[in-house]
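Residue strings, one per chain:
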Amino acid sequence: MKKILVVEDEPSILDNVLYALQTEGFEPLSAGTGQEAREILQNTDVSLVVLDIGLPDVSGFDLLREIRSKSTVSVIILTARSTEIDKVVGLELGADDYMVKPFSPRELTARIRAVMRRPSSLKEGTSCNNAEAACPFELDESRCLIRYHGVGLDLARYEYRLLGVLIRNPGRVFSREQLIQRISEDPDMSLDRSIDTHIKTIRQKLKSLRCDEDPIITHRGIGYSLKE
């Protein structure tokens, strides 16, 4: 039975969501604060997180950023905020879907099933696959280790975080600012051109192992690129 964590501080909404999930055969877990959610995620293997943005102790966007820095678990945002900018921010931070209150519990469970059916970006300790070519990367988040063709890479902290983001989002185009927001502990103090330096260093380390390809740019099924 798949565990679904619902991070919601409004009891009436929480009760409706938990009931709907139980009815659909899921095992729901609940957290009313960001701290409770952190503790559950640290100690429990959950398949998906339903995340409210307006939590009492932390911004849901900040919590989503924390989750994405450590995990590839699927996240659906559930919030009263309906502006386009909120949706864009949520999706760019790594949410898999975005629902606005008021909502239908039946639609929410349908979206949960749809998200869970999608080909996952890399899950912890596994390699991604492509219909035509096996992905050469293995992301082991519990050890903060990335293997390339089975060989562990010697990566600096930000190199590890950057390559992890790219591996989890095959084919997606990021701006430098988006990558800085995802990997930096203090995005406001980071320079966007530092991303170029990290990319260059990562590429050199990869090519030193496999000089016949440049996976950051051209590997089939990976194809990472940066917006100018």
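Residues numbered from 1 in each chain as written. Predicted model: local features only at pLDDT ≥ 70, side-chain atom pairs only at ≥ 80, totals over all residues. Heavy atoms only, no water.

Considerations on the packing of helix H2 (residues 34-43) against helix H3 (residues 60-70)
The N-to-C vectors of H2 and H3 enclose an angle of 15°; their axes lie 11 Å apart at closest approach. As the angle between them shows, H2 and H3 are arranged roughly parallel. The chirality of how H2 crosses H3 is right-handed. Together, Gly34, Ala37, Arg38 and Leu41 of H2 and Leu63, Glu66 and Ile67 of H3 make up the contact between the two elements. (Axes fitted to C-alpha atoms, helices over the stretch in contact; angles between N-to-C directions. Helix = DSSP H or I, 4+ residues; strand = E, 2+ residues; numbered from the N terminus. Parallel < 35°, antiparallel > 145°, perpendicular 65-115°, else oblique. Left-handed = near helix turned anticlockwise from the far one by under 90°. Contact = heavy atoms within 4.5 Å.)

A short note on helix H1 (residues 11-23)
Spanning 13 residues, H1 covers 18 Å between terminal C-alpha atoms, matching the ideal 18 Å at 1.5 Å per step. Of the residues making up H1, those classed as buried are Ile13, Leu14, Val17, Leu18, Ala20 and Leu21. Projected down its long axis, H1 carries its buried residues within an arc of 160°, all on one side. Opposite the packed face of H1, turned more than 90 degrees from it, sit the exposed residues Pro11, Tyr19, Gln22 and Thr23. Where the residues of H1 are buried, they touch strand S1 (3-7), strand S2 (27-31), strand S4 (74-79) and helix H5 (105-117). (Expected span 1.5 Å × (residues − 1). Buried < 20%, exposed > 50% of the residue type's maximum accessible area, 1.4 Å probe, protein only. Arc of directions from axis to C-beta.)

Re the packing of H1 against H5
With their axes 9 Å apart at the nearest point, H1 and H5 run at an angle of 55° to one another. Looking at the two axes, H1 sits oblique to H5. Like other packed secondary-structure pairs, H1 and H5 cross with a definite hand, here right-handed. Residues Val17, Ala20 and Leu21 of H1 pack against Pro105, Leu108, Thr109 and Ile112 of H5.

Some words on the environment of Pro56
Position of Pro56 among the secondary structure elements: in the loop between strand S3 (48-51) and H3. Pro56 sits in the exposed class, given a relative accessible area of 55%. Contact partners of Pro56, with chain neighbours within four places excluded, come to Asp9, Gly32 and Thr33.

Side note on helix H7 (residues 176-183)
Buried residues dominate H7, accounting for six of its eight residues. Residues of H7 that are buried: Arg176, Gln178, Leu179, Ile180, Arg182 and Ile183.

Notes on the packing of aromatic side chains
With the rule as written, the count across this model stands at one aromatic pair. A cation over an aromatic ring shows up here: Arg157 above the ring of Tyr158, its NZ or CZ 5.0 Å from the ring centre. (Phe/Tyr/Trp six-rings, centres within 6.5 Å; stacked < 30°, edge-to-face > 60°. Lys NZ or Arg CZ within 6 Å of the ring centre and 35° of its normal.)

With respect to the pairing of S3
Burial along S3 is two-sided: the face carrying Leu48 and Val50 and the face carrying Val49 and Leu51 are both buried. Here S1 runs beside S3; their pairing, made up of four bridges, is parallel. Following the sheet pairing, Leu5 is matched in S3 by Val49. For S3 and S4, the ladder comprises four bridges, and the chain directions are parallel. The partner of Leu51 across the bridge, within S4, is Ile77. In this region the chain leaves S3, passes through H3 and returns to the parallel neighbour S4; the handedness of that crossover is right-handed. (Pairing = 2+ DSSP bridges. Right-handed = clockwise from strand over helix to strand, strands pointing away.)

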